[in-house]
Amino acid sequence: MKFLTKVSVIILVTLSFQTIQAQTNSDPDDKLSLNSGTIDNQFEFVIRRSNSWQDYKTVKKTWLYALKAHTLDSLKAVHKDLADTQVIVKTQAGEIESLKSSLSNTQSTLNATNDEKDNISLFGIQTSKASYKILMWSIIGGLFALLLLFIYKFKGSNSATRDAKRKLDEVETEFEEHRRNALEREQKVRRQLQDELNKQKS
């Protein structure tokens, strides 16, 4: 009895397989294929082309193996793409870190350059340009004031020197005049004395 049931089931499955195959051959889903298309289309191909028996589907083992191989190939490709993507991401992360470091160095250099541009080193001390200008103009103003004072003092000293020279010349002239007068008086007195001496001798 069990043997007859099995045989009838096999015949029924074979007939239904032939019927389904005939239906699927005329089905507009001929575009589905086990060897091409997406994994989803390949699963759809296996589901639609499989034979039905009550609530079950009978699937060819070769289809399952092929579907498994295609699925594994797809997973390998996905894993490879993922690994390649991770390598690219790591490379790009390294490049980003390098660029960040370079940007930080560039920013530091730019800040230092701006500081050097805005400041001037005076006696080893960084001072702003405004302070430097004020200091320089103060020094120039002080030197100019000292120059004016020196010129004023020089003119005063020069005038005093000229007056002193003039007075010295006057004194020398007066002294020369006085010496000449004194010499003349002395000569005159000597002559008188000589005359007196001569008178007394005679």
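Parameters and conventions
Residues numbered from 1 in each chain as written. Predicted model: local features only at pLDDT ≥ 70, side-chain atom pairs only at ≥ 80, totals over all residues. Heavy atoms only, no water. Helix = DSSP H or I, 4+ residues; strand = E, 2+ residues; numbered from the N terminus. Buried < 20%, exposed > 50% of the residue type's maximum accessible area, 1.4 Å probe, protein only. Areas by Shrake-Rupley, 256 points an atom, 1.4 Å probe, with all protein chains shown as cover. Patch = residues over 30% accessible without salt bridge, like charges linked within 9 Å, V, L, I, M, F, W, Y side chains within 5 Å. Salt bridge = Lys/Arg side-chain N within 4 Å of Asp/Glu carboxyl O. Axes fitted to C-alpha atoms, helices over the stretch in contact; angles between N-to-C directions. Parallel < 35°, antiparallel > 145°, perpendicular 65-115°, else oblique. Contact = heavy atoms within 4.5 Å. Nonpolar A, V, L, I, M, F, W, Y, C, P; charged D, E, K, R; others polar. Core = buried A, V, L, I, M, F, W, Y, C linked by side-chain atoms within 4.5 Å. Arc of directions from axis to C-beta. Expected span 1.5 Å × (residues − 1). pLDDT = per-residue confidence, 0-100.

S.K.: Honestly, the overall build of the chain in this entry has me stumped. Any pointers?
M.R.: A tally of regular secondary structure across the chain gives four helices and four strands. Counted from the first residue to the last, the chain has its helices and strands arranged as α-α-β-β-α-β-β-α. Here the chain holds 202 residues, and the buried ones make up 8% of them. Counting only carbon and sulfur atoms, one obtains 62% of the accessible surface of the chain, whose full area is about 17,200 Å².

S.K.: Any chance you could explain a nonpolar patch on the surface here in plain terms?
M.R.: A cluster of nonpolar side chains, namely Leu135, Ile139, Leu143, Leu146, Leu149 and Tyr152, defines an oily patch on the protein surface of about 620 Å² accessible area. According to the relative accessible area criterion, isoleucine 139 is partly exposed, its value standing at 40%.

S.K.: Would you mind going over the pattern of salt bridges with me for this structure?
M.R.: Oppositely charged side chains can form a pair if their charged atoms are brought close together. As enumerated under the stated definition, the model contains six salt bridges in all. Ionic pairing is found between glutamate 170 and arginine 166, a salt bridge with its closest N-O pair at 3.3 Å. Remark: arginine 166 and glutamate 170 occur in helix H4 (residues 129-201); sequence separation between them is four residues, near one turn of the helix. Take arginine 166: its relative accessible area is 42%, and that puts it in the partly exposed class. Salt bridges here are not isolated pairs; linked through shared partners, they connect Asp163, Arg166 and Glu170.

S.K.: What am I meant to see in the packing of helix H2 (residues 39-49) against helix H3 (residues 61-118) here?
M.R.: Any two packed helices are characterised by the angle at which their axes cross and by the distance between the axes. Running from amino to carboxyl end, H2 crosses H3 at an angle of 170°, the nearest separation of the two axes being 10 Å. By the criterion of interaxial angle, the relationship of H2 to H3 is roughly antiparallel. Of the residues in H3, those touching H2 at Ile39, Gln42, Phe43, Phe45, Val46 and Arg49 are Trp63, Leu67, His70, Thr71 and Ser74. Looking at the contact of H2 with H3 residue by residue, the class counts come to six nonpolar, four polar and one charged.

S.K.: Help me understand the nonpolar core in this model?
M.R.: Taken as a class, soluble globular proteins show a tendency for nonpolar side chains to be buried jointly. Listed in full, the five residues of the largest apolar core are Leu32, Phe45, Val46, Trp63 and Leu67. Breaking this core down by element, the ones donating at least two residues are H2 and H3.

S.K.: What exactly am I supposed to notice about H2 here?
M.R.: Turn by turn, an α-helix covers 3.6 residues, leaving residues three or four places apart pointing in a common direction. Within H2, burial applies to Gln42, Phe45, Val46 and Arg49. Buried residues of H2 fall within an arc of 95° about the axis and therefore sit on the same side.

S.K.: What is the right way to look at H3 in this model?
M.R.: Between its first and last C-alpha atoms H3 spans 82 Å; for 58 residues at 1.5 Å apiece the expected length is 86 Å, and the two agree. Burial in H3 covers these residues: Trp63, Ala66, Leu67 and His70. Buried residues belonging to H3 abut H2.

S.K.: I'm lost on the confidence of the model for the chain in this one. Help?
M.R.: As a note on interpretation, predicted positions should not be read in detail where pLDDT is low. On average, residues of the chain score 78 in pLDDT, and 79% of them reach the 70 mark or higher. Across residues 17-28 the pLDDT falls below 50, and counting only partners more than four positions away or on other chains, this stretch makes nine contacts in the model.

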